[in-house]
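Observations on chain architecture
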Amino acid sequence: MYWQRWFVLPALVQTVLAGVLCFVPLFNILGYEFSLATSVVAAMTGYGLGLKAPDRLRMLPILWAALAHHLPSFVLISLNALRVQNCDYFEGLGFFILLPGLSALYSATLGRLVGLTVFRRRWLVTGAVFLAPLILGLWQIYAECPIFVYDHLYGYFAGSLYDEALSIDSRLLLFRAGTLGRVLLLSWVIGFWRVGGSGLRRLGALGLTLSLMAAYEYTVGRRAFYVPSRDKLQHYLSVQIERPNLVVHLPKGTDLKLAEKIADDHSFRLQQLEGRLNLHPSLPIHSYVYRSSEDKARFMGGKNTMIAKPWLHEIHIHDLQAPHPVVGHELAHVLASELGCFLGLSTTG
């Protein structure tokens, strides 16, 4: 089956992509960045494999094909290590399995399900399959604190490419365990659909599968925090100090004298900026101060990158210290949003 058109075209797309990335800095080694780019494309090539596979094929050969169509790109990026030194080849291999590997399995399963169940306006359903996760991911970045996105179809976006030497952690493993569970459950639904039965029983099997998927996201996802939860973040940053136009959130257990010093430092920097820019915030600015870069990476992403979200009037920094070397810079981003229009980003020099 591997020489047939339904398999060759997706494999060719992945091979060409890998060949191009071999000459793109940061993406030219087997690591997170290469796996991320390949994973996004795998969402489409894997879906095409599932949608166009011959009707006679069962699910297992399609899943094997979804993995096999990555083989040429894997060989190319591995050979590229002869000209570009890899930092940690085996961790890169882990990212390759967890990101494009599982995205291809999941997307192939979705494609097969759509091919079996949708006969009219299939293009509309396909568009929803691809657009819905993108819209939800963008909404999460816009409305919630985190800048990372965990998406079963497209993979894992860490939020900042400034952070180097990303590693595989338990959260990514739990997230991808959920993806694998989705593949198995949807494959069961597909097998159930193929053998026939009443429409009510088919819908019941699909409903049960969707319920189990939602339950995993709500329990494991929220506990591992790959599904954002402001309640959990506020529990971690439960010490709250208010100053004029400012609310400073600090980790539970922070020494109160240190908390006051940090809040005073924030207030002093904000007053300086207000005087220099002749601006005042229209809403209180919320500053989320994490105990360490590791904690910040866990709750909102950007391990080594301090971040402002001007449209939400909030900043995210790490290290409990006063004076803080970056707080003025991040406050300036938010204060300058009073001059901006789109997402509070300043358009005035």
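Description of the structure in this document. (Residues numbered from 1 in each chain as written. Predicted model: local features only at pLDDT ≥ 70, side-chain atom pairs only at ≥ 80, totals over all residues. Heavy atoms only, no water.)

Some points on the overall build of the chain
- When you go through the chain residue by residue, the secondary structure sums to 12 helices and seven strands.
- Here the C-alpha coordinates of the chain stretch approximately 70 × 55 × 40 Å along the principal axes.
- Per-residue burial over the chain gives 49% buried out of 349 residues.
- Of the contacts formed within the chain by residues at least 6 apart in sequence, a portion of 69% connects residues at least 24 apart.
- Per element, the accessible surface of the chain, about 17,500 Å² overall, is 65% carbon and sulfur. (Helix = DSSP H or I, 4+ residues; strand = E, 2+ residues; numbered from the N terminus. Buried < 20%, exposed > 50% of the residue type's maximum accessible area, 1.4 Å probe, protein only. Contact = heavy atoms within 4.5 Å. Areas by Shrake-Rupley, 256 points an atom, 1.4 Å probe, with all protein chains shown as cover.)

A closer look at the packing of aromatic side chains
- Applying the stated criterion to the full structure yields 17 aromatic pairs.
- Centre to centre, the rings of Phe225 and Phe299 are 5.2 Å apart; their planes meet at 70°, and the pair counts as edge-to-face. Highlighted residues: Phe225 in the loop between helix H8 (199-224) and helix H9 (230-236) and Phe299 in helix H11 (residues 293-299), separated in sequence by 74 residues.
- Relative accessible area serves as the criterion here: at 3%, Phe299 is assigned to the buried category.
- Counting every residue linked through ring pairs, the aromatic cluster contains Tyr32, Phe95, Phe148, Tyr150, Tyr156, Phe175 and Tyr226.
- The side chain of Arg171 reaches across the aromatic face of Phe148, ending 4.8 Å from its centre. (Phe/Tyr/Trp six-rings, centres within 6.5 Å; stacked < 30°, edge-to-face > 60°. Lys NZ or Arg CZ within 6 Å of the ring centre and 35° of its normal.)

Here's the deal with a nonpolar patch on the surface
- Taken together, the side chains of Leu9, Leu12, Val13, Val16 and Val20 define a hydrophobic patch exposed on the protein surface, amounting to about 430 Å² of accessible area.
- Since its relative accessible area comes to 49%, Leu12 is described here as partly exposed. (Patch = residues over 30% accessible without salt bridge, like charges linked within 9 Å, V, L, I, M, F, W, Y side chains within 5 Å. Salt bridge = Lys/Arg side-chain N within 4 Å of Asp/Glu carboxyl O.)

Focus: the packing of helix H3 (residues 59-68) against helix H5 (residues 89-117)
- Interaxial distance between H3 and H5 falls to 9 Å at its minimum, and their mutual angle equals 140°. With respect to each other, H3 and H5 are oriented oblique. H5 is crossed by H3, and the crossing has right-handed handedness. On the side of H3, the interface is formed by Met59, Ile62, Leu63, Ala66 and Leu67, while H5 contributes Gly101, Ala104, Leu105, Ala108, Thr109 and Arg112.
- Of the residues that constitute the contact of H3 with H5, the class distribution is eight nonpolar, two polar and one charged. (Axes fitted to C-alpha atoms, helices over the stretch in contact; angles between N-to-C directions. Parallel < 35°, antiparallel > 145°, perpendicular 65-115°, else oblique. Left-handed = near helix turned anticlockwise from the far one by under 90°. Nonpolar A, V, L, I, M, F, W, Y, C, P; charged D, E, K, R; others polar.)

Some thoughts on the state of the cysteines
- For the structure shown, the criterion picks out zero disulfides.
- Between Cys87, a free cysteine, and Cys22, which holds the nearest cysteine sulfur, the sulfur-to-sulfur gap is 16 Å.
- The exposure class of Cys87 is exposed, given its relative accessible area of 77%. (Disulfide = S-S within 2.5 Å.)

These values are about where atoms sit, not about what they do.
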